[in-house]
Structure formats: structure tokens, C-alpha cells
Amino acid sequence: MRTVYVVTDARRPLRQRTRNALASVIFGLLVALAVVGHTIALIAGAIDALITAAIGTRRISYISGQLRDAVRETWEEDREY
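Cut-offs used in this document
Residues numbered from 1 in each chain as written. Predicted model: local features only at pLDDT ≥ 70, side-chain atom pairs only at ≥ 80, totals over all residues. Heavy atoms only, no water. Helix = DSSP H or I, 4+ residues; strand = E, 2+ residues; numbered from the N terminus. Rg over C-alpha atoms; globule rule 2.2 N^0.38 Å. Buried < 20%, exposed > 50% of the residue type's maximum accessible area, 1.4 Å probe, protein only. Areas by Shrake-Rupley, 256 points an atom, 1.4 Å probe, with all protein chains shown as cover. Lys, Arg positive; Asp, Glu negative; His and termini not counted. Charge placed at Lys NZ, Arg CZ, Asp CG, Glu CD. Patch = residues over 30% accessible without salt bridge, like charges linked within 9 Å, V, L, I, M, F, W, Y side chains within 5 Å. Salt bridge = Lys/Arg side-chain N within 4 Å of Asp/Glu carboxyl O.

## A word on the overall build of the protein
Phase 1: The helix and strand inventory of the protein stands at two helices and zero strands.
Phase 2: Compactness check: the protein gives a C-alpha radius of gyration of 29 Å against a globular reference of 12 Å for 81 residues, more than 25% above the reference.
Phase 3: Seen along its three principal axes, the alpha-carbon backbone of the protein occupies a region of about 85 × 40 × 15 Å.
Phase 4: Each of the 81 residues in the protein was classed as buried or not, and the buried ones make up 1%.
Phase 5: Approximately 8,100 Å² of the protein is accessible, and the part contributed by carbon and sulfur atoms is 64%.
Phase 6: Each charge class in the protein can be summarised by its mean position, and for the 11 positive and 8 negative side chains these summaries are 27 Å apart.

Here it is as C-alpha cells:
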């Protein structure tokens, strides 16, 4: 039977474990942010659909047209100065 001795520097395994732990934390944070972002997008879409269903598409288009006109007037006033 042969005996093999492995001599390692104690700092490298500690650095590797620290690097792996940091990578796991960053990965978990990115996954959490992705989940929160998707949840916000889905909730915003559902609220938009409920508002459109309650008000109606004609009123929504009328309101968005008024908003467009107001923005256009404000844009033209700001360009004059």
C-alpha cells in the first residue's frame, strides 16, 4: 500500500471557500432580484388590465391622447426658452 501525502497552503482553501460563498450570495441576490422584477411586472400588467376593463378602451385612448397633447404643448414651451 502506498501512502501519498498532500501538502497544501492553508490560505488557498480558505480563499476558495470565501470566493465560493461570495459567488453563492451574489447568485442568490440576482435570482431574488429577478423574481421581484418579474413579480412587479406581472402585478403592473394585471392592474393595467383591470383598469382598462373597468374604464374601457375608448376612455383610455382619450385620456392617453390628452396626455400626449399636454406633453407636446409642454415640450414646445420648453423648446422656446
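There is more to say, and it comes next.
## Description of a nonpolar patch on the surface
Phase 1: On the surface, Ile43, Ile47, Ile51, Ile55, Tyr62 and Ile63 cluster together into a nonpolar patch covering about 560 Å² of accessible area.
Phase 2: Listed by contribution, the elements that provide at least two residues to the nonpolar patch are helix H1 (11-55) and helix H2 (57-80).
Phase 3: Counting residues per element, the nonpolar patch draws most heavily on H1, at four residues.
Phase 4: Position of isoleucine 43 relative to the elements: it lies in helix H1.
Phase 5: Taking relative accessible area as the criterion, isoleucine 43 reaches 46% and is therefore assigned partly exposed.

## Considerations on the pattern of salt bridges
Phase 1: Using the criterion set out here, one finds one salt bridge in the structure.
Phase 2: Among the ionic pairs, arginine 68 bridges to aspartate 69, the shortest N-O distance being 3.8 Å.
Phase 3: For arginine 68, a relative accessible area of 48% corresponds to the partly exposed category.

## Side note on a negative patch on the surface
Phase 1: On the surface, Glu73, Glu76, Glu77 and Asp78 cluster together into a negatively charged patch.
Phase 2: Considering the arrangement of structural elements, one finds aspartate 78 in helix H2.
Phase 3: Residue classification places aspartate 78 among the exposed positions, given a relative accessible area of 53%.

## Brief notes about the environment of arginine 2
Phase 1: Relative to the helices and strands, arginine 2 resides in the segment before H1.
Phase 2: Here arginine 2 falls in the exposed class, since its relative accessible area comes to 78%.
Phase 3: Sequence-wise, arginine 2 and valine 36 are 34 residues apart; in three dimensions their C-alpha atoms are separated by 55 Å.

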